[in-house]
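Here is what each chain is made of, one letter per residue.
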Amino acid sequence: MDPEGHEARLAAALDEIERLRAELDAGTASARRDLVANVSHDLRTPLVAMRGYLEVLALRGERLPAEQRQAYVAIALRQCEQLARLVDSLFELAQLDFAGARLVREHFALAELASDVVQKFALAATDAGVDLKSEAAPGLPPVDADLGLIERVLDNLIDNALQHTPVGGTVRITIDAVDGSVRLCVADTGAGIAPADLPHVFDRHWRGGSSGRVKGAGLGLAIARRIVELHGTTIDIESELSRGTCFTFTLLAAQ
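Reading the values: the criteria
- Residues numbered from 1 in each chain as written.
- Predicted model: local features only at pLDDT ≥ 70, side-chain atom pairs only at ≥ 80, totals over all residues.
- Heavy atoms only, no water.
- Helix = DSSP H or I, 4+ residues; strand = E, 2+ residues; numbered from the N terminus.
- Buried < 20%, exposed > 50% of the residue type's maximum accessible area, 1.4 Å probe, protein only.
- Areas by Shrake-Rupley, 256 points an atom, 1.4 Å probe, with all protein chains shown as cover.
- Expected span 1.5 Å × (residues − 1).
- Polar contact = N/O pair within 3.5 Å; in protein donor to acceptor, adjacent residues only side chain to side chain.
- Pairing = 2+ DSSP bridges.
- Disulfide = S-S within 2.5 Å.
- Contact = heavy atoms within 4.5 Å.
- Phe/Tyr/Trp six-rings, centres within 6.5 Å; stacked < 30°, edge-to-face > 60°.
- Core = buried A, V, L, I, M, F, W, Y, C linked by side-chain atoms within 4.5 Å.
- Axes fitted to C-alpha atoms, helices over the stretch in contact; angles between N-to-C directions.

Peer 1: So what exactly am I meant to see when it comes to the overall build of the protein chain here?
Peer 2: Helix and strand content of the protein chain: seven helices and seven strands. When its helices and strands are written in sequence order, the protein chain yields α-α-α-β-α-α-β-β-α-β-β-α-β-β. Among the 255 residues that make up the protein chain, the fraction classed as buried is 42%. Per element, the accessible surface of the protein chain, about 13400 Å² overall, is 52% carbon and sulfur.

Peer 1: Would you take a moment to explain helix H6 (residues 147–163) for this structure?
Peer 2: Given 3.6 residues to a turn, an α-helix orients residues that are three or four positions apart in the same direction. Along its 17 residues, H6 runs 24 Å from first to last C-alpha, staying within 8% of the 24 Å computed at 1.5 Å per residue. Taken residue by residue, H6 has Leu 149, Ile 150, Val 153, Leu 154, Asp 155, Asn 156, Leu 157, Ile 158, Asn 160, Ala 161 and Leu 162 as its buried positions. Between the side-chain oxygen of the N-cap and the backbone nitrogen of Gly 148 there are 3.2 Å, and the N-cap of H6 in question is Asp 146.

Peer 1: In this structure, what is going on with the pairing of strand E7 (residues 244–252)? I would like to understand it.
Peer 2: Along any regular strand the residues' side chains alternate between the sheet's two faces. For E7, the buried fraction is high: seven of the nine residues fall into the buried class. Two elements, strand E5 (residues 181–188) and E7, share eight bridges in a ladder whose sense is antiparallel. For Arg 183, the partnering residue across the bridge sits in E7 and is Thr 250. The pairing of strand E6 (residues 235–240) with E7 spans six bridges and is antiparallel. Bridging across to E7, Ser 239 finds its partner in Thr 245. Connecting the antiparallel pair E6 and E7 is a turn made up of three residues, with Ser 242 showing a positive phi of about 70°.

Peer 1: Just checking my understanding: could you explain the state of the cysteines for this structure?
Peer 2: As used here, a disulfide is simply a covalent bond connecting the sulfur atoms of two cysteines. Under the defined criterion, the tally for this structure stands at one disulfide. In this model, Cys 185 is linked to Cys 246 through a disulfide, with the two sulfur atoms separated by 2.0 Å. Here Cys 185 is found in strand E5, whereas its partner Cys 246 is found in strand E7, with 61 residues between them in sequence. Of the two residues, Cys 185 and Cys 246, both sit in the buried class.

Peer 1: When you look at the environment of Gly 190 in this model, what are you seeing that I'm missing?
Peer 2: As for its placement among the helices and strands, Gly 190 is situated in the loop between E5 and helix H7 (219–230). In this structure Gly 190 touches His 164, Thr 165, Pro 166, Ser 242, Arg 243 and Gly 244, once residues within four positions along its chain are discounted.

Peer 1: What should I look at first to understand the packing of aromatic side chains in this one?
Peer 2: Aromatic rings in a pair are described by how distant their centres are and how their planes are angled relative to each other. Scanning all chains against the criterion turns up two aromatic pairs. Judged by centre distance (5.8 Å) and plane angle (80°), the rings of Phe 202 and Phe 247 are edge-to-face. Separated by 45 residues along the polypeptide, Phe 202 in the loop between E5 and H7 and Phe 247 in strand E7 bring together distant segments of the chain. Using a relative accessible area of 7% as the deciding quantity, one classes Phe 202 as buried.

Peer 1: In this structure, what is going on with the environment of Ala 111? I would like to understand it.
Peer 2: Along the chain, Ala 111 falls in helix H4 (residues 110–120). Overall, the relative accessible area of 24% leaves Ala 111 in the partly exposed class. Sequence separation between Ala 111 and Ala 136 is 25 residues, and the spatial gap between their C-alpha atoms is 6.1 Å. Ala 111 has contacts with Ala 136 and Ile 175, leaving out every residue within four places of it along the chain.

Peer 1: For this particular structure, what's the right way to read the nonpolar core?
Peer 2: Grouped together as the largest cluster of nonpolar side chains are 40 residues, with contacts concentrated most on Leu 110, Ile 158, Ile 173, Leu 184 and Phe 249. Secondary-structure elements contributing two or more residues to this core are H4, strand E3 (143–145), H6, strand E4 (170–178), E5, H7, E6 and E7. In terms of residues, this core owes the most to one element, H6, which gives eight residues. When neighbours within four sequence positions are excluded, Leu 110 is seen to be in contact with Val 143, Ile 150, Ile 175, Val 182, Leu 184 and Leu 251. Membership of the second largest hydrophobic core comes to six residues, among which are Leu 47, Met 50, Ala 76 and Leu 83.

Peer 1: Looking at this model, I keep getting lost on the sheet that holds E7. Mind explaining?
Peer 2: The strands making up a sheet associate through backbone hydrogen bonding, with each pair oriented either parallel or antiparallel. Taken in spatial order, the five strands line up as E2-E4-E5-E7-E6 in an open sheet, and their pairing is mixed. The strands lining the two open edges of the sheet, one partner per strand, are strand E2 (131–136) and E6. Neighbour-to-neighbour, the strand axes of this sheet turn through a mean angle of 15°, independent of strand direction. Pairing of E2 with E4, which is carried by six bridges, proceeds in the parallel orientation. Across the sheet, residue Asp 131 finds its bridge partner in E4, namely Thr 170.

Now the structure itself:
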């Protein structure tokens, strides 16, 4: 997509930010400011970088060495992709927040879905030097859930874990049965999250604190939490600094 197309998507995304801000109570002015400032910053940063490199190419491209031109184009494309992902996430979260959002339930094996998602991230894990595996207890019942949305939850949780796990670390997906439900945990051996930050991890405007986690809008985790909430359950989080973090959720077993 060309820069003008991205500017149009950015404008639409900023309109969505205003809508989200209007939903917050009058007593949360600080949260409103954080939401607008943080998400706007995360949207504008790749756009500004992309525009800067494209302007250099437009003004001096013919005088630049071919290798440098290729490097500038590659950087601009990466920033373009980052912007597109962020805008798509913002729109997805808005759709999930819509009161009429409905699940398309079906019966499926959560362990098989987890194995498929792990395969999807296998190359990224190898490039990051992280050991990524999925382990499931035998004889698990199928779950009753929206397969596409639960796949999105796994995508976001595994992507988040890989981002925060150092070279030589591990990310484990474990699945077992508990009280008529199937429980899934995504655990990493990353830096962990400070106790003071734990209550804010799923906030869409949270940017992190002393835990060392990468700063960002937190939309991936916010989306995961919203999807799980639509299924009538929650995501629990346990973390210890310098040892890692585990995100856990359960889904009802199919009857």
